[in-house]
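Chain by chain, the residues run as shown.
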Amino acid sequence: MIHARGLARTFEGRGRGRKDEVKAVAGVDIDVETGEIVGFLGPNGAGKTTTLRMLTTLLKPTAGTATVAGFDVATQSKEVRKSIGYVSQSGSTSPEARAGEEIMDHGMLYGISRRQAESRGRELFGQLDLEGLWERKPQAMSGGQRRRLDIAMGLVHDPQLVFLDEPTTGLDPQARANLWTHISELRDTRGATVFLTTHYLDEADALCDRILVIDHGSIVASDTPDALKRQVAGDLVELVVADAAQAAAAAELLGRVADAELAAEGATVSARVRGAGHEIAGLIRGLDAAGIALESIEVRRPTLDDVFLDLTGRSLREDA
Ligand SMILES: Nc1ncnc2c1ncn2[C@@H]1O[C@H](COP(=O)(O)OP(=O)(O)OP(=O)(O)O)[C@@H](O)[C@H]1O
Ligand SMILES: [Mg+2]
């Protein structure tokens, strides 16, 4: 559904007397198959929006090629635009028009009839918890309502391929969860393909079949959430014992099964252990035999944030 090769975009900054270049996207390859939900993750300024704008024909690439829904973004922009829905990061509703009219206009712009636009628009208002706001102007809506209206606008013409740029930013937890359900349903019931950006790792983890991580304009990872999590060196095992002396002995035992990051602080000992599930029983027996009383033990599966930290040296949350 999406195939990009060496797609790149450089911006020329016009500083006084000197020219500086920003390599916003440095030549990325992207493949998204029909029916996939793919998450595009990366910190602020990584190049997510720039990539999306090139794929949706709103911005010309400085190098590389891309086909979207079978059409070339450079030479067949009209066909590409007809085949997709796009919800931009900043939204696209005009504050003055009434929400219902706006969504119908938007549908008709894409070639569906007024009646179709109204019925699909009202259906989306229901699904996205916008009931009662059909006659309301966006300027009189809350931020989260406006965001959901943006999303409804991007979906009104039932596109087979949807680009969503940070769709859930600014939504409360309930609205986020509701939107996740809605996005999954788009795929499950309508066979739609979804390409979305997000800063939320839990979101990508819960929603996406595959994740692309971009940093400094280059793709640094592409895999399923589970496979990415397996890449980090194991589960985090944390033991709390009675005191520092016991901690030293516990660290010695944990060190035998640890793969990385063995650390002791006060009465707490932690390490990354690959396949911790298989090692825990033996570890506990060993602690028992050594007379070390365990206050608590915690095993945490690696999160996408761990993956991100591993890949980029930064935490995603630091930027969010
Ligand atoms: N029109 C522009 N002119 C100059 N530089 C730009 C322009 N648009 C984007 N950039 C720069 O390109 C880089 C990538 O920006 P982009 O908007 O793609 O990031 P992003 O990954 O979407 O970030 P965010 O998470 O903040 O939305 C940034 O350094 C940004 O300042
Ligand atoms: Mg962006």
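Structure shown above.
Treat the numbers as computed from the prediction; the structure is a model and nothing was measured.

(A) Region of the structure containing the sheet that holds strand β12 (residues 260-265). What the 4 strands build is an open sheet, ordered β12-β13-β11-β14; its pairing is antiparallel. Each of the sheet's edge strands pairs with one partner strand only, and the pair in question is β12 and β14 (294-300). Going across the sheet, the axis of each strand differs from the next one's by a mean of 10 degrees, ignoring polarity. Looking at chain direction, strand β11 (residues 235-241) and strand β13 (residues 268-273) are connected through 6 bridges and run antiparallel. Counted as the bridge partner of Glu238 is Ser270 from β13. Where helix α9 (residues 244-257) meets the sheet, it contacts β11, β12 and β13, and its direction lies at approximately 5 degrees from that of β13.

(B) Geometry of the nonpolar core. Ranked by size, the top nonpolar core spans 44 residues in total, and within it Phe125, Ile183 and Ile211 carry the most contacts. Residues within four places of Ile183 in sequence aside, it is in contact with Ile37, Leu164, Val194, Leu196 and Leu207. Listed in part, the 26 residues of the second largest apolar core include Ile2, Val32, Phe40 and Ala46.

(C) A look at the coordination of the magnesium ion (ligand 2). Surrounding the magnesium ion (ligand 2) are the protein donor atoms Thr49 (OG1) and Gln89 (OE1), which sit 1.9 to 2.2 Å from the metal. Residue Thr49 is located in helix α1 (residues 48-55), and its partner Gln89 is located in the loop between β6 (84-87) and α3 (99-109); the two are separated by 40 residues in the primary sequence. Residue class for Gln89 comes out partly exposed when judged on its relative accessible area of 39%.

(D) Just the pattern of salt bridges, in detail. On inspection of all chains with the given rule, the structure shows 19 salt bridges. In this structure, Glu261 engages Arg272 in a salt bridge whose closest nitrogen and oxygen atoms are separated by 3.4 Å. One end of the pair, Glu261, is in strand β12; the other, Arg272, is in strand β13, with 11 residues separating them in the sequence. When salt bridges that share partners are traced, they join Arg120, Glu123, Asp158 and Arg190 into one network.

Procedures and definitions
Residues numbered from 1 in each chain as written. Chains lettered and ligands numbered in written order. Predicted model: local features only at pLDDT ≥ 70, side-chain atom pairs only at ≥ 80, totals over all residues. Heavy atoms only, no water. Pairing = 2+ DSSP bridges. Helix = DSSP H or I, 4+ residues; strand = E, 2+ residues; numbered from the N terminus. Axes fitted to C-alpha atoms, helices over the stretch in contact; angles between N-to-C directions. Contact = heavy atoms within 4.5 Å. Core = buried A, V, L, I, M, F, W, Y, C linked by side-chain atoms within 4.5 Å. Buried < 20%, exposed > 50% of the residue type's maximum accessible area, 1.4 Å probe, protein only. Donors = N, O, S within 2.8 Å, 3.2 Å for Na, K, Ca; no water. Salt bridge = Lys/Arg side-chain N within 4 Å of Asp/Glu carboxyl O.

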